[in-house]
Structure formats: structure tokens, C-alpha cells
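Okay, here's what each chain looks like letter by letter:
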Amino acid sequence: MSNLQDRSANIMDDLAKQGKSMKLYMGDCYDASSDSKSPDLRCSGPYSWIGWDNNPDLYLKHQSNWGLVTDYGLPADSDHGINAVGPGVAPPRSFFVYWENPRGGNVGKGICSETTSYYYQWVGLKDSQWVPVDDLTPEPILVEGQKPSPNTLTTTNGTQGTADSYSAFNLPKKPNNSNEMFATDKNGQPMPAQNADGSIDFKKAKEDQDLDGYFKMVTWPVTKNLNDTGTDNNCNVNPEVYNPMRKGLAGITDDMDASQKSQNLDSGWTINTAFYKYDVPRPDDPTITKIENGADGALDASGSVYTSNLDPVVSGECTPSKNSAHPNVVTLYGEDPSKPFNDGQGANNDDLVKSADTWGFKLGEAECKADTGSKQGGSWQIQDTNKQYPSPDPGNKFDGYRRYHAWVTETTSGFGLTSFFSNIGTAYFVSGESVPDASKFSVTVPHTVNGSLPSNVVVTFKGEVSPVYTAWSSGGLGMTDSRMAVSMKQNAASDWMPLLTTPANTFQRDAAVGAVPSVTDPTSGLTLNLTKTAASTWSWSLNIPADKFTGYNGDDETQTYTFHVEMINPMNLRSGPASIERKIDMTPTTLTIDRHDVFQVAGRAYKYVNGNTKIPETKGTLVHITWPGKTNSSTDVAVGDQGSWQATPPEGVNQGQFSAQVLSDDAEGPDAQGRFIGGNQSASVSHELDFRPSTSSLPLTGGWPLSVLRILLLIALGLVGFVACLRNKQESRH
């Protein structure tokens, strides 16, 4: 409770600095510091002593009418014959009221009003709402018969000495003094919390009504003109001032709505306050639930959000005030990186006050508004406009972060207590990702050996990547890295096949150059091998099993694939793909030998696809033929139309076994001269050369060698000449 006593003292000090430490005013023009009246308005209202030093002479000669703490009991006052009281009890003569107008009788000076009666009521806080104290004054009490101020006084000077004579105290009523504050019921019996000696039992009042423990007495003076007309003597007394009850402005009741209560209490004057076990409750801590990021913005499990907004809206939940006229206010703070938030600021300890310099930069305030969709009953939102950060703080920037926390300030009690700080919400500011460099991509394709694809062979896709965002591995604070997604598509198909997406924290900014981490995609089972080659650059390779390349039907589109690489920033925004297209030919060639004699060897080259379907080998593919007998004697011939091929054995090769094969070569597609060089090695086929021509080489079949044809032509020419000679001899004889 000492904080409340200190607060009361501070209020009094503030009033004293203004030169108005002893008086409250209710009127149109009175100026206490100069005792002069306004040239524009007629003075019509009274003023009252708040109390100063021993005027009036209260319990223990203290000014205890404001902030009287009754928690621990109070001692006896022998000077006034007041006994000690127990906890929760305010002694007799500890409160007072007196309204006076020092010029009330000086009609000739133009002052024409006086106060001889007033209403008063004890009210208490219940769940932070003001209600009548049922054990004292469930309704306002009218006190009549107050002695007016001496008619001879024309200034306030010297009036403090009359306060004892004219003030009302919490004392039993006496026949000769009706100006006393002694709460009775309609039958004149003391109210439950009103003790017979004038003391007041706030403990009983609190417990009987389940009050918070903060009590105040509010008064509403009744000011009247001396002739009670309100108009004579050039007086101008507002009716509300003249008699507030006529306008319904005096007192509050349980069934009165909050706005009317607030209006009535504001129309009166709080003269006395007391406390019993009153702890002004801090408002509930607010919660940060979202930081705008272009989507829903909800904080993840770590309390953070990735956002591309450098001026995000921070929002959350809060508990609204029960008094709409005095709302709870949320204040948002952004962290000062040079003075980071103290973890203790969110707990009930001294760090909240001692670490005021670590609260951060105040970014704005917003009312906690009722919200049926909120677990706390209310919601709030405040934008960080990115303009409140003083130098040298650079403000929010991409590839950086800002932490936020907030608290609630209540405005109902007048003390302006705050909650503790909320949870900390972190915004990581993220820009777009860069498209990977496709010029660094390469694809290596395996080939068949002797007609068969070796087991466990893979197509290797390689490249280099420099993610914009790399993972912060130090401590619990930090941004995750960008992810790399690899996919491929057969050009004849419409759907992309995902191959691998790296998990979070693959690309570590703190990893040493030369580090060789690897990650495995749980869905595809493929593994990406990495090597860090520079501060933020990694080379990578991905091995893709050969069995993922299926569906070749002889059409080049079914044998051609496009490989994609995309980078995905921490907001799941993709960079756009970088691509490379490659022909993936892993289907072996099959060779047949249709002719195999010393004059010619020939056959066909084709591939089996989709089971037993044969398609001709690509025209221009080279068939390598090794001849018998001669060392390193071979011939390369190109495949022609419909996969046909043929070769003539070299001179002198008359017998022996030759072999034919399409040899493996790493090249894919045409060479520099436009010739196609296949990448797969067929199975080798061989056969014995036949010395005699086959039946296909008989005359008139087109299969004899050219030398034989020449001999036959000479014989034919000789026969023609011989016949011609015989014919000439016969003609000469005749």
C-alpha cells in the first residue's frame, strides 16, 4: 500500500506546484492564486478546503483525508480522545467536508450565492468499476445546515482558521451540529459499516460486498442565490451547479449504466479516499499473435514470422476494460539492438523497472477493443511504420530482423498501471530469392556396355547455388535458410516430377568453406551432395536412378528431359526456375547380320522399346566392324535409312570371323560435322566370312563382283566380233 500513499503525496505535490494546493473549485471564474474574478464571467460557485497542515484539525493532526491506508490498524489520538482502531477501520475525525464561498454575503460586490447543503456518497471499486458502498451510502445523502462562510470575508486570506468551526467530520451527530457525516438508514440507525463513534469499518464494507478495497467519498454541493431565485442581483448560476440533483447528476446507483456513472462522478468532487487491502490489479498481459507478412502472419512455434513488409502491422489479443469510458491501452515497443530485451521483463520481478532502457523504442498505442473472436476478449493492432528508430539504428531492412513486445496500461484507476510485457514476436524481413545460374548446370548420362546397362547406374545432375538467405545457427535467434527444389519432366509428359527439396538449415552461414554436408529427401529418397566453395556458395550434385527415366517409344520427345532448379525463400516464395534440357538415351542398339561373304557384309541396327517393338537406329549412327586376319583392321560405316548398314571387306580378306558393334561414346547428338554419335554400346555380333558367293551373287542377280562382269563383257564383245568376221567372208565370196 505504500505505493498508493506515495501516489497520493505526489498528487498533493503536483497541486501545490500549481498554487492550488488547498482548494477545489466549482464555479465559473474563481482564480485561487490571485483571488480575482474573470472579467467575462460572474462568480457563482463555491470552493472547498482539501486540507493543509492542521486546518482542519484531523485525526493525529495529519492530512489523512486522501489515501488513508487502514490495512494494519491505526493508533490512538489522545489529543482528540480517539482510541486505537483495528485493521480496516478509519478512526473518527479522519475525514471532513466543507464548502464555502468567501464572498457569499457580500452582495454589494456582485457575489450572490452561498452553499449551506451538499450531497455526499461513499463509492468503492468492484472489479474495477465504481459502485455505491452498500454498508455506508447505497444512495447519496443530503447534508443540510452547513454554516455559510462569514459574510464579512471578501478574500480567501484567513479562511483556513475557520475550517474547524464549519467542517463536517465522520463523527456522531450532535443536536447542535447537523453538518456531520454519519451514515444512517431511513430509520436513523447506523449503517453496517458505520460505527457508533464515527469510525468507518472499511474491512466489513469490503468483505460484505466483495469490493476491491479502494473507497472514495464524492460530494455534490448545492449552491443557491441568496434570495433563492437564481436570477436576482445579476447572478448567473448554472442549474447544474445550483442543484445537481435536479439534473440527475448527484450520486450513483447499482443499476446505473457506466456512462451515467462516469458523468455523475465527474460532476462531483472527491474529497476523501481510503484503502483496505487494495492492490490495484495490473491489467492482463497482452499477446502478440500476428505480424503482417502478406498472408495470415501468425507466429510460428518459435514466435517468429517471415515478412516482406518493412513496415508490418503487429497485432494480437488483450483484455478490454470493463469501463468503456476508460479503455485499456496497448503500447508496442520495437527492440533497440544495442540494448536487447531483457527476458525478465515478462515476469513479476524488478527487471521491469530496472531495465527501462531495454524496453525498446515506443512505436505506437492502440485501444484494446472488444472482440468476440479473441480468447482474451479483445484485440489490438499497431503498425511499425519504420520511422521511429533513431540513429544509429538503421530501421527495418531486408536480411535483418526486429523483435517486438507490448504491454497494456489501464486508465480506470487513475494510477495508469501497466501489465507486464507480452510475449516477444520476431519479424524476419525477407526479400525475393535469386534465380539459380543455369550456365553452371550439367547432366551426365550413363550408357550401356556390350548391350546392357550396368547395375545401379545413375544420371548425375550438377550445379552451383548461392542462396540469398543462409541459416543462422547461433543460439535460438536467427533466420532459416532458403531451400533448393529440384524437379524434372519428360518433355512428352505434362507433369513435373519432384526430385528433392532441401530441408531448413541446410545452407549454414557458419559452415566452413570445404564442408561437405549432404541431405536426403524423405519422399524421393534421393540424396543431394554439397560442398561449400565460398562464403555463401555451394556446389551440388544429385544422382538420379536410371529407372526414373522410362516411357521411351522412339520419339525424341520421350527421350528428352528438362531439369528445373528453384530457390524458395523463408516466406515460401519461389525464385522462378533455372532449366537445362538433355537427351537421356540409355536404350542399347541391337545389330543383325543379313550378309556375310567376302564380297559384302550387311545388316540392320534397331532398338527395342516398349517390350518387343523395334524402331530403326538413328541415321548416321556408326557401326564399327573389325575384320579377320589383319591386325587393327576395321571399318566404320554409318547407319542408313531404316537402320540398314553395309560394308565391303578389304582386299585380301577371304575368310575368318568378323565382328560388328555400335561403340559407346559420351557424346550425345550430332558431332561438329553433323554426324550422330550414339552413347550406348551394343552387344557385339560376329560371323564367318563365306568364300563362295551366296545364291544372291549369281549372274543377273546383281550380286557378282565388277571384275567378273568385265570378263564376261570382253567375251561377249569377242563373240560379236567373231560373228561379224564370218559374215564378211561369206559376203565376199559372193
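Keep in mind that this is a model prediction, so the values were computed, not measured.

What counts, and where the lines are drawn
- Here the residue index of a chain counts from 1 through its sequence in written order.
- It should be noted that, the model being predicted, local features are given only for residues of pLDDT at least 70 and side-chain atom pairs only at 80 or more, the latter also being counted only at that level, while totals for whole chains, interfaces and linings use all residues.
- The side-chain figures draw on all heavy atoms in the structure; neither hydrogens nor water molecules are used.
- In this text, helices come from DSSP runs of H or I with a minimum length of four residues, and strands from runs of E with a minimum of two, each type numbered from the N-terminal end.
- Contacts between residues were defined by any pair of non-hydrogen atoms, one from each residue, lying within 4.5 Å.
- Counting rule for disulfides: a pair of cysteine sulfur atoms within 2.5 Å.
- Only protein chains enter the accessibility calculation, which uses a 1.4 Å probe. A residue is then buried if its area is under 20% of the maximum for its type, exposed if over 50%, and partly exposed in between.
- Here, strands pair whenever DSSP counts at least two bridges between them.
- Lines fitted to C-alpha atoms define the axes here, with helix axes fitted over just the stretch in contact, and angles between the N-to-C directions of these axes take values from 0 to 180 degrees.
- Any two of the Phe, Tyr and Trp rings considered here, Trp counted by its six-membered ring, make a pair once their centres fall within 6.5 Å; the pair's planes then place it as stacked at under 30 degrees, edge-to-face at over 60, or tilted in between.
- For a Lys NZ or an Arg CZ to count as sitting over a ring, it must be within 6 Å of the ring centre and within 35 degrees of the ring normal.
- Whenever Lys or Arg places a side-chain nitrogen within 4 Å of a carboxyl oxygen from Asp or Glu, that contact is recorded as a salt bridge.

Caption draft 1: Fine view of the environment of Thr-502. As for its placement among the helices and strands, Thr-502 is situated in the loop between strand E26 (497-501) and strand E27 (518-520). Sequence-wise, Thr-502 and Ser-482 are 20 residues apart; in three dimensions their C-alpha atoms are separated by 8.8 Å. Filtering out sequence-adjacent residues up to four positions away, Thr-502 remains in contact with Arg-483, Met-484, Phe-507, Val-519 and Leu-528.

Caption draft 2: A look at the state of the cysteines. Taken as a whole and judged by the stated rule, the model has one disulfide. Between the sulfur atoms of Cys-318 and its disulfide mate Cys-368 the distance is 2.1 Å. Looking along the S-S bond of the Cys-318-Cys-368 disulfide, the torsion reads about 105°, which is the right-handed sense. You can see Cys-318 sitting in strand E16 (residues 313-318) and its partner Cys-368 sitting in the loop between strand E18 (361-367) and strand E19 (369-370), a full 50 residues away along the chain. Here Cys-368 falls in the buried class, since its relative accessible area comes to 4%.

Caption draft 3: Layout of the sheet that holds strand E31 (residues 578-583). The antiparallel open sheet is built from four strands, whose spatial order is E26-E25-E30-E31. Strand pairing shows two members of the sheet lacking a second neighbour, E26 and E31, which therefore form its edges. On average, each strand axis in the sheet is inclined to that of its neighbour by 20°, with strand direction left out of account. Relative to E31, strand E30 (residues 560-568) runs antiparallel, the two sharing six bridges. Across the sheet, Val-565 pairs through a bridge with Ala-578, a residue of E31.

Caption draft 4: View of the packing of aromatic side chains. Per the counting criterion, the structure on display carries 27 aromatic pairs. Between the aromatic rings of Phe-95 and Trp-122, the centroid separation amounts to 5.1 Å while the plane-to-plane angle is 65°, which identifies the pairing as edge-to-face. Placement of the pair is Phe-95 in the loop between strand E4 (89-90) and strand E5 (96-97) and Trp-122 in strand E7 (residues 113-126), with a sequence separation of 27 residues. Here Trp-627 and Phe-658 contribute two aromatic rings whose centre-to-centre distance is 6.0 Å and whose plane-to-plane angle is 40°, an arrangement assigned as tilted. On the criterion of sequence distance, the pair formed by Trp-627 in the loop between strand E35 (622-626) and strand E36 (634-638) and Phe-658 in strand E38 (residues 657-661) is long-range, its members being 31 residues apart. Here a set of aromatic residues connected by ring pairs shows up, and it is made of Phe-441, Phe-461, Trp-540, Phe-549, Tyr-561 and Phe-563. The ring of Trp-130 has Lys-216 lying over it, and the distance from NZ or CZ to the ring centre is 4.3 Å. If you follow Arg-282 out to its NZ or CZ, it ends over the ring of Phe-420, 4.4 Å from the centre.

Caption draft 5: Highlighting the pattern of salt bridges. With the rule as written, the count across this model stands at 14 salt bridges. Its salt-bridge partner being Lys-583, residue Asp-556 comes within 3.6 Å of it at the nearest N-O pair. Highlighted residues: Asp-556 in the loop between strand E29 (537-545) and E30 and Lys-583 in strand E31, separated in sequence by 27 residues. We classify Asp-556 as partly exposed; its relative accessible area is 44%. Salt bridges linked by common partners bring Asp-437, Lys-440 and Glu-464 together as one network.

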